[in-house]
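One letter stands for each residue in the lines below.
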Amino acid sequence: MNRTRLTLAAVTGIAAIFTMTGMAVATLRTPTAATIVTAVPEPTDTTWPLNLPAAADPTPTTQPPPGTPAPYVQPFADQPGTKDLTPQPSPTTPVKMPAFADGCNHAYGNRNQCVPLKFPPGTTDKCTWLKKHGFKNLTVQGKDNHLLDRNGNHTACDG
Amino acid sequence: MTSAPPRPLFSGANRVRIAQVLVLTLVLVVLVPGRSSAGANLLANGGLEAVDSTGFPLCWEKSGWGDSTHTFEVSKTAPHGGANAMKVTVAAITNGDRKAMMLENPSCAPNVTPGHQYDASVWYKSTTANTVLTIFRHDAAQGWTYWTDLATLPVANAWTKKTVRTPVVPPGTDQVAWGVTIYGAGTLQTDDYTFIDATENTPGTACSAGAACTKGAWQVMPFNSPVRAIHTVVLKNGDVLLVAGSGNDPDAFAQGTFKTSVYHPRTGTFTTVPTPADLFCSGHVQLSDGRVLIMGGNKDYPAADASHGYKGLRDSYIFDPATSAYTRVNDMSAGSWYPSATVMGNGDVISLGGLGEDSSGTVATQYFNAAQQRWLSLGEAKQTWNFWGLYPSMILMQDGRLFYSGSHVFGNGTPGTGASIYNYGTEAITPVGGLQRKDERDQSMSVLLPPAQDQRVLTIGGGNIDSNPDANRLTDIIDLKQANPVYQPGPLLPSGTMTGGVPQTATQGKMYVSTVLLPDGKVFETGGGLHNRADPVYEASMFDPVTNTFNAGMATDPVPRTYHSSAFLLPDGRVMAVGDNPGDGSFDMRISVYSPPYLFKGARPQITSLTGTQWAYGSTNTIKVDGPITRAALIRPEAVTHSSDPNQRFVDLPMTVNGNTIGLNLTSNPNLAPPGWYMLFALGTNGVPSVAEWVHVG
Ligand SMILES: [Cu+2]
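Residues numbered from 1 in each chain as written. Chains lettered and ligands numbered in written order. Predicted model: local features only at pLDDT ≥ 70, side-chain atom pairs only at ≥ 80, totals over all residues. Heavy atoms only, no water.

Enquirer: I'd like a description of the packing of aromatic side chains, backed by residues and values.
Expert: Evaluation of the coordinates by the stated rule reveals 35 aromatic pairs over all chains. With a centroid separation of 5.4 Å and an interplanar angle of 65 degrees, the aromatic rings of Phe76 of chain A and Tyr146 of chain B are classed as edge-to-face. A residue pair is termed interchain when its members come from two chains, as with Phe76 of chain A in the loop between α1 (3–11) and α2 (126–132) and Tyr146 of chain B in strand β5 (residues 143–151). Like Phe76 of chain A, the residue Tyr146 of chain B is buried in the burial classification. Between Trp178 of chain B and Phe195 of chain B the ring centres are 6.1 Å apart and the planes differ by 40 degrees, which places this aromatic pair in the tilted class. With a gap of 17 residues between them, Trp178 of chain B in strand β7 (residues 173–182) and Phe195 of chain B in strand β8 (residues 186–197) connect regions that are remote in the sequence. You can call Trp178 of chain B buried: its relative accessible area is 0%. For Phe195 of chain B, a relative accessible area of 0% translates into the label buried. Three or more aromatic residues joined by ring pairs make a cluster, and in this case those are Phe253, Phe258, Phe280, Tyr301, Tyr310, Trp337, Tyr338, Tyr391, Phe410, Tyr512 and Tyr563 of chain B. (Phe/Tyr/Trp six-rings, centres within 6.5 Å; stacked < 30°, edge-to-face > 60°. Helix = DSSP H or I, 4+ residues; strand = E, 2+ residues; numbered from the N terminus. Buried < 20%, exposed > 50% of the residue type's maximum accessible area, 1.4 Å probe, protein only.)

Enquirer: For the UniProt feature "domain: Glyoxal oxidase N-terminal" (unreviewed entry) in chain B, give the residues involved together with the corresponding values.
Expert: The sites that UniProt annotates as "domain: Glyoxal oxidase N-terminal" (unreviewed entry) are residues 263–584 of chain B. Each end of residues 263–584 of chain B is marked by a C-alpha atom, and these two atoms are 27 Å apart; helix forms 0% of the span and strand 32%. (UniProt positions renumbered as here; feature names shortened; annotations may be inferred.)

Enquirer: For unusual backbone geometry, give the residues involved together with the corresponding values.
Expert: A cis geometry characterises the amide bond from Pro450 of chain B onward to Pro451 of chain B, with omega recorded as -15 degrees. Look at His154 of chain A: it is not a glycine, yet its phi comes out positive at around 65 degrees. One non-glycine residue, His642 of chain B, adopts positive backbone phi at about 50 degrees. Locating His642 of chain B in the fold gives a position in the loop between β45 (639–640) and β46 (650–652).

Enquirer: Hey, could you go over the UniProt feature "domain: Galactose oxidase-like Early set" (unreviewed entry) in chain B for me, with residue numbers and the actual values?
Expert: Under the UniProt annotation, the feature "domain: Galactose oxidase-like Early set" (unreviewed entry) is placed at residues 604–697 of chain B. Each end of residues 604–697 of chain B is marked by a C-alpha atom, and these two atoms are 25 Å apart; helix forms 0% of the span and strand 50%.

Enquirer: Go over the nonpolar core, please, and point to the residues and values.
Expert: Side chains of nonpolar character tend, in soluble globular proteins, to be buried together. Residues and elements named next belong to chain B. If you look at the biggest cluster of nonpolar residues, it comprises 80 residues, and the most contacted ones within it are Trp60, Trp178, Phe195, Phe403, Leu634, Leu664 and Leu680. Counting residues per element, this core draws most heavily on strand β2 (residues 85–102), at seven residues. Residue contributions to this core reach at least three from each of two domains, namely domain 1 (60–197) and domain 3 (607–697). Core analysis: the next-biggest nonpolar cluster, separate from the first, contains 48 residues, Val227, Tyr263, Leu518 and Val593 among them. (Core = buried A, V, L, I, M, F, W, Y, C linked by side-chain atoms within 4.5 Å. Domains from an automatic or database assignment.)

Enquirer: Lay out the coordination of the copper ion with the relevant residues and their values.
Expert: All names here are of chain B. Those donors, Tyr338 (OH), Tyr563 (OH), His564 (NE2) and His642 (NE2), are the protein atoms that reach the copper ion, and they lie 1.8 to 2.2 Å from it. One way to put it: the four donor atoms around the copper ion meet at angles of 88 to 162 degrees, and that makes the site irregular. In the primary structure, the donors to the copper ion are separated according to the pattern Y-x224-Y-H-x77-H. The pair formed by Tyr563 and His564 is uniform in burial state, with each residue classed as buried. (Donors = N, O, S within 2.8 Å, 3.2 Å for Na, K, Ca; no water. Tetrahedral: all angles 85-135°; square planar, octahedral: opposite > 155°, others 65-115°.)

Enquirer: Describe the domain arrangement of chain B, naming the residues involved and giving the relevant values.
Expert: Residues and elements named next belong to chain B. For chain B, the domain assignment lists domain 1 (60–197), domain 2 (249–387) and domain 3 (607–697). For domain 2 versus domain 3, the separation of C-alpha centres amounts to 29 Å. Tallying the contact residues gives 16 residues for domain 2 and 16 residues for domain 3. Across the domain 2 to domain 3 interface the summed buried area is about 1100 Å²; carbon plus sulfur atoms make up 52%. By the criterion of area lost to domain 3, the three top residues of domain 2 are His284, Gln286 and Gly345, representing 42% of everything that side buries. Here domain 2 and domain 3 share zero salt bridges between them. Summed over the shared surface of domain 2 and domain 3, the result is five residue pairs in polar contact (both at pLDDT 80 or more). Contributing elements (two or more residues each) for the side of domain 2 that touches domain 3: β14 (283–286) and β20 (342–343). (Contact = heavy atoms within 4.5 Å. Buried area = accessible area lost by both parts, 1.4 Å probe. Salt bridge = Lys/Arg side-chain N within 4 Å of Asp/Glu carboxyl O. Polar contact = N/O pair within 3.5 Å; in protein donor to acceptor, adjacent residues only side chain to side chain.)

Enquirer: Residues and numbers for the environment of Leu376 of chain B, please.
Expert: Residues and elements named next belong to chain B. By the secondary structure assignment, Leu376 is in the loop between β23 (374–375) and β24 (394–396). Sequence separation of Leu376 and Gln482 is 106 residues, and the distance between their C-alpha atoms is 34 Å. Other than its neighbours up to four places away in sequence, Leu376 contacts Ser333, Tyr367, Asn369 and Ala381.

Enquirer: Can you break down the side chain of Asp300 of chain B residue by residue, with the values?
Expert: Residues and elements named next belong to chain B. Assignment of secondary structure puts Asp300 in strand β16 (residues 298–300). We note that Asp300 is buried and unpaired, the nearest opposite charge coming from Lys311 at a distance of 4.4 Å. The contact partners of Asp300, leaving out residues within four places of it in the chain, are Phe253, His308, Gly309, Tyr310 and Lys311. (Lys, Arg positive; Asp, Glu negative; His and termini not counted.)

Enquirer: Hey, could you go over the sheet that holds β24 of chain B for me, with residue numbers and the actual values?
Expert: Residues and elements named next belong to chain B. Pairing is antiparallel in the open sheet, where four strands are placed in the order β24-β25-β26-β27. If you trace the sheet from one side to the other, it starts and ends with β24 and β27 (428–431), each paired once. Here the strands of the sheet are splayed against their neighbours by 25 degrees on average, with no regard to which way each runs. Bridging between strand β25 (residues 402–404) and strand β26 (residues 420–423) involves three bridges; their strand directions are antiparallel. Along β26, the bridge assignment pairs Phe403 with Ile421. (Pairing = 2+ DSSP bridges. Axes fitted to C-alpha atoms, helices over the stretch in contact; angles between N-to-C directions.)

Enquirer: Tell me about the confidence of the model for chain A, and please be specific about residues and values.
Expert: Low pLDDT marks stretches whose predicted atomic positions should not be read closely. A residue-level look at chain A finds 58% of positions with pLDDT of 70 or above and a mean pLDDT of 68. Confidence drops under pLDDT 50 across residues 1–64 of chain A; counting only partners more than four residues distant or on other chains, this segment forms 143 contacts. (pLDDT = per-residue confidence, 0-100.)

Enquirer: Outline the state of the cysteines, listing residues and values.
Expert: All names here are of chain B. On inspection of all chains with the given rule, the structure shows four disulfides over all chains. Each sulfur of the disulfide joining Cys59 and Cys108 lies 2.0 Å from the other. The sign of the -70 degrees torsion about the S-S bond sets the Cys59-Cys108 disulfide as left-handed. Of this pair, Cys59 sits in the loop between α1 (12–31) and β1 (60–75) while Cys108 is found in the loop between β2 and β3 (118–126), placing the two residues 49 residues apart along the sequence. Cys207 shares a disulfide with Cys213; S-S distance 1.8 Å. Note on the Cys207 and Cys213 pair: the S-S dihedral is about -90 degrees, so by sign convention the disulfide is left-handed. Given the relative accessible area of 25%, Cys207 is considered partly exposed. For Cys213, a relative accessible area of 10% corresponds to the buried category. (Disulfide = S-S within 2.5 Å.)

This is the structure:
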């Protein structure tokens, strides 16, 4: 970031300007013919808006009383040329999330336990993996997707 | 450069005058007896006496950006010294700033030495406090680049001297340039600039602690946590709030047994706190007064037949450290299971994402108005109806926008995954690219790197509980100072060992990782696991934001720290770690505490006095210390769960040094240091931090 870059960033405006009263946002005015006003005194060093017609707005923003500095905000991350994502409409249908959002297959175990929805790469025998990871007397209460209850007694990995 | 009208920077006459000034400076340095070269003013034409053909001081330029009506003039009326002073008048300003800057060229910008610190001084008068001393540095690789803002200059009618010490000059820097910025209507006059090497001698660090000298050391406490510490908040009184709620134990949930405890690190004791609801899965953040806002929680566990999933509570409570009690506030506008919580520059809180009361994704933007101490209704808050996933890491940027780092919890191909910038005020969301493997950053951790002024974010590791690959070693770093910030790949996370000392393979990393900002400006990274609630990884390292490298091989926590583990900084400079909740349903109640290497390197600096604990933005606050210090910083106490604490930040306090009396210059920008209680640390020349003093910002 150099000062030239700051100037360029300023052309498209700071997206958010902090105010103490909340999150009110001032969008930088786009220079148009209607906003061209002859400034008195004339700016002696206009670095904005570069080669565009002079459009300095002479109206000062409200300043806090001397002694209390306004927040000094840098014109960083202005993202020139980046398009906003298309706004979502007010939802009419919920965003569906899986019931087992935590990655555990809660059809197994005492609900405190977490048999993974998918076993880690390289797992050749699920029962061995479970035993190695401290699972004992693992009940099967729902659908046996992992095929751990071969004898159908609602206990996994017992034969 | 940005100034107009253009003028030649290196006319022959200029070169001659610059050379004359430099020669004069050198002669003066040589002639002053008893002064080392460290005391020389490194600035050419700091008194502004030599002028070019346009009458403007040599080695200085008109600079700034934005939309203002302003004048630069060389004032002959009562300068501080000599015949000239610089006068910048801003009659009206819409945005941007103006400043007289040292020319960024080899002839005018002072040369500096990496590792050194310098005192920048200026005499000034100002009718506005909307001023800031800003410094740029010349980097061998990047060229001229913004470095940092050093201090606000208060209103002064008479000539006043302001001196600020730079941070330690980063490697690769050969020159700096600085000036005083005016960004409000008013008149700023400056004169007699100086820039003097103020490097403190570094004493040898005699360390006799063996391996701890370089790796630090862990200690497992001889007592356990009384609760499943899934949510932890460091409180303004130095205690630690440990929240379990039902603690991921459906039996406790069924019985209505919800737990909270306050840990007192000084005595190793705990206080039981009655818990009004299942605060497991809630979000939390400190309010500006140091009370803790808790939002949402667990309304239900999923059904074994998958007929419903986890459900989010709308409840919200405030925990008060003074009374150790929860008080209910109004309900949120939507259920929130795994919501984010970010405090804004005005002290309000924004919460995003999570699961609602019906297990579906919460798309509401939920806004807590601090002045009114209530959650706004759905219609009162600005809505984008975007789904942000679970515990999205939403980091406050210096302009008040939120950076979604892409670090999250759970989900696989969930809409909204990946980094973006969210502007609550304009309801705009803009994508941010570069994050590697965005769907495998589940329970990665993101952190705003020290100092907050640098606006860089590091994201480490992560996995995916759904597809359950090996967690990765990826790191990504983004510089939010850039016009179009994009994540860049960072160094690979160092490899650790698995249970039994088995080394990790070259591609294995970790999820459930914790990153902790330390008072020396480094980031300690600890804990984690390789798979969904399985396979702890024993690895810890120290990330240095100055060099963007990991110092591998730090001592590792002997306790596994995977799912539902956290680590956080204590006010004494140590790191505490809690929690581990593997798939077998157990929970490790052990507490471990890490002493970083800096605690073995000598005496700790003492902050012997503090003129006040209430600090205003843009103010200079005086402390006394018992010896030289190189740095001072504010660290926001952590409020962490699931590798997520978007509010963790380290705010540099540029110093005005007068012997052992140090003025600490706080930024004028509340977005860099949102209002609240902070831990103030001073760093000794031996690299050892003080114990924290608590100060209130805002
Ligand atoms: Cu969890």
